[in-house]
Amino acid sequence: MDSPLNHARTKAITDFLQTLETRSDGRIKGEVFHSGQLYNDADVVKALVQGQVEMAAPGTWILTTVIPDADFLNLPTLYGRDIDVIHRAIDGKSGQNLNAQIAKRIKSEVIGGWLDLGFFNWYTAKRPLTSLESLNGAKIRNSGGVGQAWRAKFVGAIPNTTALPNVPLALSQGTFDGISTTNETVASMKLWDAGIRFALEDHQFLGVYVPVLSNAFAEKLSDADRQLFKTVWAEKIGQYRADMAAAQTTAHQTLIKNGVSIVTPTAAESDAARAKMVEHEDEVATALKISPDFLKLVMADIHGK
C-alpha cells in the first residue's frame, strides 16, 4: 500500500493479516509494505498481474486503468450522497459485476466487501475555500482516474495526478494549489506541515479500496486456507468500515486543531451542485468509459430497484 503506517487502510490490512496468521495456526504469514515501499498504488495492479505481490488493496480509481467501470463512484449522480446510498451499489450487483471483471482482467480474486476510505473533499494551501466557485483556476492534485479530473475541470480547476508519497514535497513547493483527498489522508500525513490551511468538505465521492488476492498465490493454498481469507475478511469488514468512518470524523477535528479552516456545504447546496453535474451524466459516463449495461446496474442499485 502507498498509504503511511498510521493510515486507517494500513491498520485494517495489518490487523487482517495478523488475524489470518492466528486463525491459520501460522500457516499463512503476511508482511505489510506501507508508504509505497514496493509500489505506488498506480503500479500495484501491474504488480499483481505479474505475480510480484500476493495481495493489495488498490482504490477503485486505480483499477480504472484496466476496468473503466470501476470509476462509477465518480458519476455525478453519486456526488454528495449519503454513504448508505453508495453502499447499496458497492455491496450490490454493481460491486458483484466489478468483482467478476477483476477476477478476469487482473488475475486476482476479491476476498470480500470493499473497504471504505471515506469521502473525498477539496483542500488548499493559500486559497480560501467557501464554495465550489472558490476552486476556479486552482491546480488540484488528485489520485487518478478520469472521474476526478472531470470534476476538477467542471468546477474550473486544473487537474494534476501525483503519487501520494510525493504529495507533501510537491505541495510545499507549490507544484499545485491544493489536493482532492480525505480528512484521514490529510491527518495521517500531517499535510498542514506542507501548507494545507483550507478545506471544502463536500463529500464529492466515496473513496473505496478493493481487497484482492492474486490467483498465483491463492492457487498455492488449500481450499480451506483459501476460504479462510474470505471468512476472516467477512467477519472483520463491518468493523473496518466503522473504524474508517470514525477515523475520518476524528481527522476532521484534528485538521481544525492544526489550523485548517473547514467549510461544509449545506444539504441544499450539495443537492444543487449535484443537479448541475447530473445534467452532464451521459457525457461523464462516456468519458469514464462506463458501459451502458453497468450504468444500468448502478442506477438500479442506488434507487433500490
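Residues numbered from 1 in each chain as written. Predicted model: local features only at pLDDT ≥ 70, side-chain atom pairs only at ≥ 80, totals over all residues. Heavy atoms only, no water.

A short note on the overall build of the chain
Of the regular secondary structure elements, the chain holds 13 helices and nine strands. For the chain, the C-alpha radius of gyration of 19 Å lies close to 19 Å, the compact-globule estimate for 305 residues. Principal-axis analysis of the C-alpha atoms gives the chain an extent of 55 × 45 × 30 Å. Each of the 305 residues in the chain was classed as buried or not, and the buried ones make up 53%. In the chain, of all internal contacts separated by at least 6 residues, the share reaching a separation of at least 24 is 76%. When the accessible surface of the chain is totalled, it reaches about 13,300 Å², and 51% of it is carbon and sulfur. In the chain, 31 side chains carry a positive charge and 34 a negative one; their mean positions are 3 Å apart. (Helix = DSSP H or I, 4+ residues; strand = E, 2+ residues; numbered from the N terminus. Rg over C-alpha atoms; globule rule 2.2 N^0.38 Å. Buried < 20%, exposed > 50% of the residue type's maximum accessible area, 1.4 Å probe, protein only. Contact = heavy atoms within 4.5 Å. Areas by Shrake-Rupley, 256 points an atom, 1.4 Å probe, with all protein chains shown as cover. Lys, Arg positive; Asp, Glu negative; His and termini not counted. Charge placed at Lys NZ, Arg CZ, Asp CG, Glu CD.)

Notes on the confidence of the model for the chain
Per-residue confidence for the chain averages 93 on the pLDDT scale, and 100% of its residues sit at or above 70. Of all secondary-structure elements in the chain, the lowest mean pLDDT belongs to helix α2 (residues 41-49), at 85, while strand β9 (residues 261-263) reaches the highest, 98. (pLDDT = per-residue confidence, 0-100.)

Brief notes about the nonpolar core
Counting 77 residues, the largest nonpolar core has F16, F72, W122 and L132 as the members making the most contacts within it. Examining the composition of this core, we find that eight residues originate from one element, helix α10 (residues 223-257), more than from any other. Not counting residues up to four positions away in its chain, the partners in contact with F72 are L78, A89, L98, W114, I290, F294 and V298. Grouped together as the second largest cluster of nonpolar side chains are 19 residues, I179, W192, A194 and I262 included. (Core = buried A, V, L, I, M, F, W, Y, C linked by side-chain atoms within 4.5 Å.)

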